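Reading the structure
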Amino acid sequence: MGTVDAEYAHPRLAALYDVFDPDRSDLDAYVAMAEEFGAHRVLDIGCGTGVLALKLAARGVDVVGVDPAAASLDVARAKPGAERVRWIRGDASSLPPLQVDLVTMTANVAQQITGPDAWRQTLRAAREALRPGGRLVFETRVPARRAWEQWNREASYRVTRVPGAGAIESWVEVPAVAGPLVSYRWTYVFEADGQVLTSDSTLRFRERAEVETELTAQGFVVDEVRDAPDRPGREYVFVARRPGGQERPMSA
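Residues numbered from 1 in each chain as written. Predicted model: local features only at pLDDT ≥ 70, side-chain atom pairs only at ≥ 80, totals over all residues. Heavy atoms only, no water.

Topic: the overall build of the chain
Threshold: In this text, helices come from DSSP runs of H or I with a minimum length of four residues, and strands from runs of E with a minimum of two, each type numbered from the N-terminal end. Radius of gyration here uses only the C-alpha atoms, and the compact-globule reference equals 2.2 Å multiplied by the residue count raised to the power 0.38. Each residue is assigned to one of three classes by its accessible area relative to the maximum for its type, calculated with a 1.4 Å probe on protein chains only: buried under 20%, partly exposed between the two thresholds, exposed over 50%.
Secondary structure summary: the chain contains 10 helices and 11 strands in total. Here the chain has a C-alpha radius of gyration of 18 Å; the compact-globule value for 252 residues is 18 Å, and the two agree. Judged by the C-alpha coordinates and their principal axes, the chain covers about 55 × 40 × 35 Å. For the chain, the residues scored as buried account for 50% of the 252 residues in total.

Structural data, given as structure tokens:
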């Protein structure tokens, strides 16, 4: 499964993930697409603390959530309604045989799969999990927007007061940019006991043509590339389909 970033794998940080990122309106588009495509069975790759999986399950969707970070899955399993979701620890290669209508990778998930072989394996696993005619939907940042240039201490520093945990300082910095790979580090300082935790991550910024070429090579048909409704011009949202079978009509 490889190394998992501390913000997902460290129990103290995983428990605070939803506190530091409470506005998940970015997931509304995925809920809407599940309805648009008539998806009754969904696989969420990189489900994290389970926010999307639980939103879909609450609507009666049969959801499988897979993630390599045990601490994040512990948070997800403790949430109301968690018993409606099938949680699996691992990456896309860890999946049992599935026949889902929709596979999702939200937020940073697709970009955090940085290695070319791992990316191909993930796309192949997503295709295998889909029924013929099912869709894969994921987002990735537009490289030309150079989002990482805003990832610095001055722009990101804040103090968050968490009930039961006290005040926590946090900020992000970018130690390195190497071609399409951007490495960044979050730092967290806990006032209660002075503990300092850091989480190092790397994202791969892929051009649209690169993603489309790889999707086609792994047996997908790229139906369309949408804009993220809440971040116009900043994200590519890819909608790819496993060919064959009977496509479900879009919901009215």
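From this point, things continue past the structure.
Focus on the sheet that holds strand 11 (residues 235–241)
The condition that has to hold: Any two strands with at least two DSSP bridges between them are considered paired. Every axis corresponds to a line fitted to the C-alpha atoms, with the helix fit spanning only the stretch in contact, and the corresponding angles, defined between N-to-C directions, vary from 0 to 180 degrees. Note on contacts: a residue pair is in contact if any heavy atoms of the two residues lie within 4.5 Å.
In space, the seven strands of this open sheet follow the order 3-2-1-4-5-11-10, with mixed pairing throughout. At either margin of the open sheet sits one strand with a lone partner, and together these are strand 3 (85–89) and strand 10 (221–227). Within the sheet, the average angular offset between the axes of one strand and its neighbour, ignoring direction, is 15°. With three bridges connecting them, strand 1 (residues 41–45) and strand 4 (residues 100–105) associate as parallel partners. What sits directly across from V42, in strand 4, is L102. Sheet strands touched by helix 5 (residues 51–58): strand 1, strand 2 (62–67), strand 3 and strand 4. Its angle to strand 3, the strand with the most contacts, is close to 155°. Lying over the sheet, helix 10 (residues 208–217) contacts strand 5 (130–141), strand 10 and strand 11, oriented at roughly 15° with respect to strand 11.

Things to note about unusual backbone geometry
Of note in the backbone geometry, A107 takes a positive phi value of approximately 50° without being a glycine. One can find A107 in the loop between strand 4 and helix 7 (109–112). On the basis of relative accessibility, which here comes to 26%, the residue A107 falls in the partly exposed class.

None of the figures reported here should be taken as evidence of function without further support.
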